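# Structural description and commentary
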Amino acid sequence: MRYKSFGRNDDQVTRDGDPAFLGFVSRLDPGIIDPNYASGAENMRFDRGVAITRKGTQLMTTGSTAPFYAAAMVTNSVGTNFILQAGGSSTSGWDSTDILQLPATLPFTLGTGAVTNTYPVGETVVEGDNPFIVQAKNSIFIFRGFNKDPLEIAGTVSGIDLSSNSVTVNTVIPNSTMGVYIGSRLAVIQDRYNIAFSNAGDLTTWQPANVFPINQGDNDPIVAISPYAEDMLLIFKTRSVFILTNISTLYSPSSGSSPVSVTQEVTRQHGLAARDSIAQVGDQVFYLSTSGISAITNSVGAGGSSIRILKVVDDPLSAPIDDLVDKINYTTAATKAVGVYYDNKYILALPMTDRAGHTEGNNSLLQYNMLNHAWESRDHYPVNPDMLVTAMFGDQMRLMMGNKTGTLLLCEQGDTDYNPSGSGTIAGKLTTRAYQHNTFGDVKKYRSGVFNWATINDASSTVSYVPTAYDPDSSLSSRTASTTTANESVHTPFSLGRLRGQRIQIEFNTSGRVEIKNVWVHGSSAGRHEFQTS
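Residues numbered from 1 in each chain as written. Predicted model: local features only at pLDDT ≥ 70, side-chain atom pairs only at ≥ 80, totals over all residues. Heavy atoms only, no water.

All right, on to the overall build of the protein chain then. In terms of helices and strands, the protein chain carries two helices and 45 strands. Residue burial in the protein chain is summarised as follows: out of 534 residues, 53% are buried. Sequence-distant contacts in the protein chain: of pairs separated by 6 or more residues, those separated by 24 or more amount to 60%. If you sum the accessible surface of the protein chain, you get close to 22400 Å²; carbon and sulfur atoms cover 47% of it. (Helix = DSSP H or I, 4+ residues; strand = E, 2+ residues; numbered from the N terminus. Buried < 20%, exposed > 50% of the residue type's maximum accessible area, 1.4 Å probe, protein only. Contact = heavy atoms within 4.5 Å. Areas by Shrake-Rupley, 256 points an atom, 1.4 Å probe, with all protein chains shown as cover.)

Structure, rendered in structure tokens:
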């Protein structure tokens, strides 16, 4: 029987919880996080208010005999997409670039259908080169730093035929750490302070008039460049960001005119921490900066002018997860971290010091959901994500993850992870905010709780949960909820025994893929003081 009123000596039972989940905020005290946000999430996705264990990975390639250090999608003369992985070490004796045609029957065995392009004698791509792949004017270039000539798989006016074009050394294009294709020109970082452009439509001609110093000699070297909009180039330095406008006005023999491009400062608040962390969608650019994970956007000029004004978002995008940013190994990240935009998310692979292997490469993925405007998950995989690349697979753009050992995986595929040395079961973790029933400082007596969840494709999937009360601190032993049916919705009530505290938090650990829809806890004031529901 439900009471409609409470006397002075009655303990009023109220409910607190989350009817949905939209993201996580790990930096704040769990007691002040807004409703519908968790305090932690690992290997989870937030879709339409439901927390879901992420999908798995599927092996794409086998038979690799040497390491890879860069990957990219390239396209041949008839529009067929390929994944190109560049590697090769003089110590291993493997000096090749392997190319996987998409789509392929997986796993795809290299050597039984892959196109292999051997480097010229004496040429290698090693880890210290921090190689960068770009396709421009029907050719593929592999940049290997300032001390090596770029490698080229040259095409013709009709395109690239990867099965017949060989790899050569290009001695015309400046040695560089990277290049991008913009306005029918190849742009490269010529040295620590200069950007150089080829002639339009002619990658063999480089004019002195098209070399631009960017605050030369300011002890702030260039780290990366990235095309922006249709006619601009973002220039990322170690402590600042600039933009070069009017790329279309650069010098060309036909016009003979001098460039009218303008270099403008975007910010001196920070610089770029990792070259390959840059990802762009629309007018927004995401990257790992020296002050966290940052974003650049634009706004309309003063007085309604159509002139775009680039600006750095005031707070780092990573402010809600600043505690995780503190765990980034920035030394390793400088050459290993990589970011992409995929499925309405900015995804950043990077090394974090609280997991093994952070001095060798990436061991975690952070995901920011643009639809929810919130951080979604920190992911871990049995195979470390050294490279991320988006490419057309079938009729969809898909995310692929490469490891320098030669493994290439298709992400968000199936219900288990590819694991060469163990179980592929995906372990998710969701930690709720701390529920205080809208009263701060009062000790409550917690009585019961309930959560609604569902299995996905596998009847053996389970959810373990641990309720913990704080001030005073106490927790119950882990319990496991299960069912015997796949794709079944489950209502799981649980007792909280004699837990007492000012607030309570629930940690869920999933084995296999499940959905966690909502959670509620019930309690009353331990001091017989009434408190209201939130």
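Judged by nonpolar contacts, the single largest core of 49 residues is most densely connected at Leu 288, Ile 293, Trp 375, Leu 430, Phe 451 and Phe 508. The element that contributes the greatest number of residues to this core is strand S45 (residues 514-525), accounting for four residues. Apart from residues lying up to four places away in sequence, Ile 293 is in contact with Tyr 287, Leu 288, Pro 316, Leu 317, Ser 318, Tyr 346, Leu 348, Leu 366 and Trp 375. Ile 173, Met 178, Trp 206 and Val 266 belong to the second largest nonpolar core, which has 43 residues in total. (Core = buried A, V, L, I, M, F, W, Y, C linked by side-chain atoms within 4.5 Å.)

Attention shifts here to the sheet that holds strand S18 (residues 179-182). Spatially, the four strands line up as an open sheet ordered S18-S19-S20-S21, and their pairing is antiparallel. Both edges of this open sheet fall to S18 and strand S21 (202-213), since each of them pairs with a single strand only. For this sheet, the mean angle separating the axes of adjacent strands, direction not counted, is 30°. Across five bridges, strand S20 (residues 194-199) lies against S21 in antiparallel orientation. Residue pairing for S21: Asn 199 is matched across the bridge by Asp 202. (Pairing = 2+ DSSP bridges. Axes fitted to C-alpha atoms, helices over the stretch in contact; angles between N-to-C directions.)

Most of strand S27 (residues 284-289) sits out of view: five of its six residues are buried. Taken together, the three bridges between strand S26 (residues 279-281) and S27 define a ladder with antiparallel strand orientation. Paired with Gln 280 across the two strands is Val 285, which belongs to S27.

Looking now at the confidence of the model for the protein chain. For the protein chain, per-residue confidence averages 88 on the pLDDT scale, and residues scoring 70 or more make up 88% of the total. Note on residues 300-307: pLDDT under 50 across the span, and seven contacts to partners over four residues away in sequence or across chains. Ignoring residues within four places in sequence, the model shows residues 528-534, a span with pLDDT below 50, making 21 contacts including any to other chains. (pLDDT = per-residue confidence, 0-100.)

Below, the discussion takes up unusual backbone geometry. Cis geometry marks the peptide bond from Asp 471 to Pro 472; its omega dihedral reads 0°. When you line up the elements, Pro 472 lands in the loop between strand S39 (462-470) and strand S40 (474-475). Look at Asn 215: it is not a glycine, yet its phi comes out positive at around 50°. Mapped onto the elements, Asn 215 comes out in the loop between S21 and strand S22 (222-228). Under the relative-accessibility criterion, Asn 215 is labelled partly exposed at 33%. Phi is positive for Asn 438, close to 65°, though the residue is something other than glycine. Assignment of secondary structure puts Asn 438 in the loop between strand S37 (427-431) and strand S38 (444-455).

Following the sequence through the fold, Asp 220 ends up in the loop between S21 and S22. Although Asp 220 is buried, it makes no salt bridge; Arg 239 carries the closest opposite charge, 4.4 Å away. Apart from residues lying up to four places away in sequence, Asp 220 is in contact with Tyr 193, Lys 237, Thr 238, Arg 239 and Ser 240. (Lys, Arg positive; Asp, Glu negative; His and termini not counted. Salt bridge = Lys/Arg side-chain N within 4 Å of Asp/Glu carboxyl O.)

Let's shift gears to the packing of aromatic side chains. This model, assessed by the stated rule, comprises nine aromatic pairs. Look at Phe 451 and Phe 508: their rings are 5.0 Å apart centre to centre, the planes differ by 65°, and that puts the pair in the edge-to-face class. Of the two residues, Phe 451 is situated in strand S38 and Phe 508 in strand S44 (residues 503-511); the sequence distance between them amounts to 57 residues. An identical accessibility class is assigned to Phe 451 and Phe 508; each is buried. Geometrically, the ring pair formed by Tyr 465 and Phe 494 is tilted, given 5.1 Å between the ring centres and 50° between the ring planes. Taken together, the positions of Tyr 465 in strand S39 and Phe 494 in strand S42 (residues 489-495) put the pair 29 residues apart, joining distant regions of the chain. Joined through ring pairs, the aromatic side chains of Phe 451, Tyr 465, Phe 494 and Phe 508 make up one cluster. One cation-aromatic arrangement involves Arg 15 over Trp 520; the distance from NZ or CZ to the ring centre is 3.9 Å. (Phe/Tyr/Trp six-rings, centres within 6.5 Å; stacked < 30°, edge-to-face > 60°. Lys NZ or Arg CZ within 6 Å of the ring centre and 35° of its normal.)

Before going further, it helps to spend a moment on the pattern of salt bridges. One pass over the full model with this rule turns up 21 salt bridges. Residue Lys 336 pairs with Glu 127 through a salt bridge whose shortest N-O separation is 2.5 Å. Remark: Glu 127 occurs in the loop between strand S13 (115-118) and strand S14 (132-136) and Lys 336 occurs in helix H2 (residues 330-336); sequence separation between them is 209 residues. The residue Lys 429 makes a salt bridge to Glu 507 at a minimum N-O spacing of 3.9 Å.

Attention now goes to the sheet that holds strand S17 (residues 167-169). In a beta sheet, neighbouring strands pair by backbone hydrogen bonds and run either parallel or antiparallel. An order of S14-S15-S16-S17 is seen for the four strands of this open sheet, with the pairing classed as antiparallel. Of all the strands in the sheet, the pair left with one neighbour each is S14 and S17. Taken over all neighbouring pairs, the strand axes of this sheet differ in orientation by 25° on average, direction set aside. Strand direction decides the pairing type here: strand S15 (residues 139-143) and strand S16 (residues 151-153), joined by three bridges, are antiparallel. Along S16, the bridge assignment pairs Ile 142 with Leu 151.

So, on to the environment of Val 169. Mapped onto the fold, Val 169 is located in strand S17. Beyond its immediate stretch of four places on either side in the chain, Val 169 contacts Pro 120, Glu 123, Asp 149, Pro 150 and Leu 151.

Within the element layout of this structure, Asn 362 appears in the loop between strand S31 (345-350) and strand S32 (364-369). Classification of Asn 362 by relative accessible area gives buried; the value is 1%. Within polar-contact distance, the side chain of Asn 362 engages the backbone oxygen of Lys 336 at 2.8 Å. Here Pro 385 takes part through its backbone oxygen, which lies 3.0 Å from a polar atom of the side chain of Asn 362. In contact with Asn 362, other than residues within four places in its own chain, are Lys 336, Ala 337, Val 338, Ala 349, Leu 350, Pro 351, Asn 384, Pro 385 and Asp 386. (Polar contact = N/O pair within 3.5 Å; in protein donor to acceptor, adjacent residues only side chain to side chain.)

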